[in-house]
Amino acid sequence: MNRDTLRQWLTLLLVLATLVVNGLANALPFNNLSTAEISDRFQVYFVPAGYVFAIWGLIYLGLLGFAVFQALPAQRQNPHLRAIFPWFGLASVANMTWLFLWHYEQFPLTLVAMLTLLISLVVIYVRLGVQRRVVSPAERWLVHAPFSLYLGWISVATIANVTDVLYDLGWNGGGLAPETWVLILFGVVVLLAGVMAWTRRDVIYLLVLVWALAGIGVKQSALPLVATAAYLAAGGVALQALGSLLLPRRRGEGREA
């Protein structure tokens, strides 16, 4: 078995392992605590309604598609898939490690795992050249799209993880009210969306942010200021996504082959 074939099999095994660990985390569950049960302990505003987390189903479906696509003989020598393999391995380990740390209530360490996952996905995204490189429709939807979706969600999840850890550590907000901080965080997300809209025009990534922000509005419906701000932020990101679709592409930006 040559190195490329080994890489293909290991990638497939990493995806399957990640799916199994995520399934067992709540099926058993680890430490007799569900992921949502632990999340409900944190009285923070940057958290979406429970239905929003169904996006993990799409993420894992996308990763399964990626696993099958990269395992095809025609992709054995794909240089871009070679380039992302070490980082995908790191991302998969970080994903699984986060679950164990979360369920066993090692909250500060969960942030280390989450940041490792985020950085790994950023490197994968850049090395794939998402929205920068001409690719076939198959590669666009089975490689680029899953990682746009995954990175979009982990971008939001990282911010949420930070707020949870600060709450666990008893941080008082530095003199600012929780409502003020969540408005600042919404601004950070909108700014991030602007950067991605301008530099990548990645509609999938932007729509993930819309999904998360709207879900926060639903979750915080009892707090009109927070809910309204969340909906306005979601609308702002949605407009940027629409602009990404309608504006003419700049020279050098990737299209489907």
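Per chain, the residues get numbers from 1 upward, laid out in the order the sequence is written. With the structure being a predicted model, the display of local features is reserved for residues of pLDDT at least 70 and the display and counting of side-chain atom pairs for 80 or more, all residues being used for whole-chain, interface and lining totals. Side-chain descriptors were evaluated using all non-hydrogen atoms of the structure, hydrogens and water having been removed beforehand.

Identification of the protein chain as Tryptophan-rich sensory protein from Thermanaerothrix daxensis is taken from an unreviewed UniProt entry.

Section: the packing of aromatic side chains
The geometry of an aromatic ring pair comes down to the distance between the two centres and the angle between the two planes. Two rings from Phe, Tyr or Trp (for Trp, the six-membered ring) form a pair when their centres are within 6.5 Å of each other. A pair whose planes differ by under 30 degrees is stacked, one over 60 is edge-to-face, and the rest are tilted. Tallied over the entire structure, the rule returns 15 aromatic pairs. On the basis of an interplanar angle of 75 degrees and a centroid distance of 6.2 Å, the ring pair of Trp 56 and Tyr 150 is categorised as edge-to-face. With a gap of 94 residues between them, Trp 56 in helix α3 (residues 55-70) and Tyr 150 in helix α6 (residues 137-168) connect regions that are remote in the sequence. Among the residues examined, Trp 56 registers a relative accessible area of 22% and is labelled partly exposed. On the basis of an interplanar angle of 75 degrees and a centroid distance of 5.3 Å, the ring pair of Trp 102 and Phe 107 is categorised as edge-to-face. Burial classes follow relative accessibility: with a 1.4 Å probe on protein chains only, a residue under 20% of its type's maximum area counts as buried, one over 50% as exposed, and anything between as partly exposed. According to the relative accessible area criterion, Trp 102 is buried, its value standing at 3%. An aromatic cluster of at least three residues, connected via ring pairs, comprises Phe 42, Trp 98, Trp 102, Phe 107 and Tyr 167. One cation-aromatic arrangement involves Arg 140 over Trp 141; the distance from NZ or CZ to the ring centre is 5.5 Å. What counts as a helix is a DSSP run of H or I of at least four residues, what counts as a strand is a run of E of at least two, and both are numbered from the N terminus. In our convention, an over-ring charge means Lys NZ or Arg CZ found within 6 Å of a ring centre and within 35 degrees of that ring's normal.

As for unusual backbone geometry
A cis amide bond, omega -15 degrees, links Leu 28 with the succeeding residue Pro 29. One non-glycine residue, Glu 105, lies in the positive phi region at around 60 degrees. Relative to the elements of secondary structure, Glu 105 occurs in the loop between α4 (79-103) and α5 (107-128). Phi angles above zero are rare outside glycine, and Gln 131 is one such case at about 65 degrees.

A look at the pattern of salt bridges
A pairing counts as a salt bridge when a side-chain nitrogen of Lys or Arg comes within 4 Å of a carboxyl oxygen of Asp or Glu. Summed over the entire model, instances satisfying the criterion amount to four salt bridges. Asp 4 is the salt-bridge partner of Arg 7, the closest N and O atoms lying 3.3 Å from each other. Within this pair, Arg 7 and its partner Asp 4 are both found in helix α1 (residues 3-27), separated by three residues, close to a single helical turn. Neither Arg 7 nor Asp 4 differs from the other in exposure class; each is buried. Of the charged contacts, one joins Arg 82 and Asp 4 as a salt bridge, the two residues approaching to 2.6 Å between their closest N and O atoms. Of the two residues, Arg 82 is situated in helix α4 and Asp 4 in helix α1; the sequence distance between them amounts to 78 residues.

Details of α3
Expected helix span is computed as 1.5 Å times (number of residues minus one). In this model, α3 (16 residues) spans 23 Å end to end at C-alpha, consistent with the 22 Å of a helix rising 1.5 Å per residue. For α3, every residue scored as buried is listed here: Ile 55, Ile 59, Tyr 60, Gly 62, Leu 63, Gly 65, Phe 66, Ala 67, Phe 69 and Gln 70. Summarising the contacts, the buried residues of α3 are in contact with α1, α4, α6 and α8 (203-219). Note on contacts: a residue pair qualifies if any of its non-hydrogen atoms lie within 4.5 Å across the two residues.

Description of empty space enclosed by the protein
As defined here, a cavity is a set of points on a 1 Å grid over the protein atoms alone where a 1.4 Å probe fits but cannot get out. A pocket is an open set with protein on both sides within 12 Å along at least five of seven lines, and residues line them when an atom is within 4 Å of a point. Grid points are joined across faces, edges and corners, and a volume is the space filled by probe spheres set on the points. This structure, assessed with the given rule, holds one cavity of 30 Å³ or more. Considering only enclosed or pocket space, the largest cavity measures out at about 30 Å³ in volume. As for the largest cavity, its lining consists of Arg 7, Thr 11, Phe 66, Gln 70, Leu 81, Ile 84, Phe 85 and Phe 88. Secondary-structure elements contributing two or more residues to the lining of the largest cavity are α1, α3 and α4. Residue contributions to the lining of the largest cavity peak at four residues, all from α4. Think of it as three bins: nonpolar holds Ala, Val, Leu, Ile, Met, Phe, Trp, Tyr, Cys and Pro, charged holds Asp, Glu, Lys and Arg, and polar takes everything else, Gly as well. Class assignment of the residues belonging to the lining of the largest cavity gives a composition of five nonpolar, two polar and one charged.

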